[in-house]
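Here are the chains, one letter per residue:
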Amino acid sequence: MKKVEVLKMIDLVEEIKKLDDLIQQSRKKKTSDFVINQYEAKKLKLIGSTITELASAPIQSIESYQLIQKILNKYYPNISEEALLNDDDISKIATAI
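Residues numbered from 1 in each chain as written. Predicted model: local features only at pLDDT ≥ 70, side-chain atom pairs only at ≥ 80, totals over all residues. Heavy atoms only, no water.

This part is about the pattern of salt bridges. Within the structure shown, the criterion is met by four salt bridges. With its nearest N and O atoms 3.5 Å apart, the salt bridge here joins Glu14 to Lys17. Of this pair, Glu14 and Lys17 both sit in helix H1 (residues 3-28), three residues apart, which is roughly one turn of the helix. Taking the relative accessible area as the measure of exposure, Glu14 reaches 33% and is therefore partly exposed. Between Arg27 and Glu40 there is a salt bridge, and its shortest N-O distance comes to 2.8 Å. (Salt bridge = Lys/Arg side-chain N within 4 Å of Asp/Glu carboxyl O. Helix = DSSP H or I, 4+ residues; strand = E, 2+ residues; numbered from the N terminus. Buried < 20%, exposed > 50% of the residue type's maximum accessible area, 1.4 Å probe, protein only.)

The predicted model of the chain averages 88 in pLDDT, with 99% of residues at 70 or higher. At the level of individual helices and strands, the chain shows its lowest average pLDDT in helix H4 (residues 81-84), which scores 72, and its highest in helix H2 (residues 33-55), which scores 93. (pLDDT = per-residue confidence, 0-100.)

The omega angle of the peptide bond from Ala57 to Pro58 is 0 degrees, so this bond is cis rather than trans. Tracing the chain through its elements places Pro58 in the loop between H2 and helix H3 (62-75).

For the rest of this paragraph, the subject is the packing of H1 against H2. Running from amino to carboxyl end, H1 crosses H2 at an angle of 160 degrees, the nearest separation of the two axes being 9 Å. Here H2 runs roughly antiparallel to H1, going by the angle between their axes. Crossing hand, H1 versus H2: left-handed. Between H1 and H2, the residues in contact are Lys8, Met9, Leu12, Val13, Glu15, Ile16, Leu19, Asp20, Leu22, Ile23, Ser26 and Arg27 and Ile36, Tyr39, Glu40, Lys42, Lys43, Leu46, Ile47, Ser49, Thr50, Glu53 and Leu54, respectively. Considering only residue class, the contact of H1 with H2 consists of 12 nonpolar, three polar and eight charged. (Axes fitted to C-alpha atoms, helices over the stretch in contact; angles between N-to-C directions. Parallel < 35°, antiparallel > 145°, perpendicular 65-115°, else oblique. Left-handed = near helix turned anticlockwise from the far one by under 90°. Contact = heavy atoms within 4.5 Å. Nonpolar A, V, L, I, M, F, W, Y, C, P; charged D, E, K, R; others polar.)

Shown next as structure tokens:
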């Protein structure tokens, strides 16, 4: 990976960490659900961008997929298999896996 790609990925991860902290603080302060949902949407978008970058060439590798798994486990640890089954299309893919 080129140094510029590494720095870009680190920046994305740092942004996700900041947003995650902001979300946690907002929940403690009982900030409105609307604001928290906005933060969550931005975090989800950044995580998607990070995953897209890690899964695309030339970064794509077994190690990059392990990083994707680590990111998902860190920021979405409580998502159960049952949650996947609530959406018909996602359920079909989960069943195939």
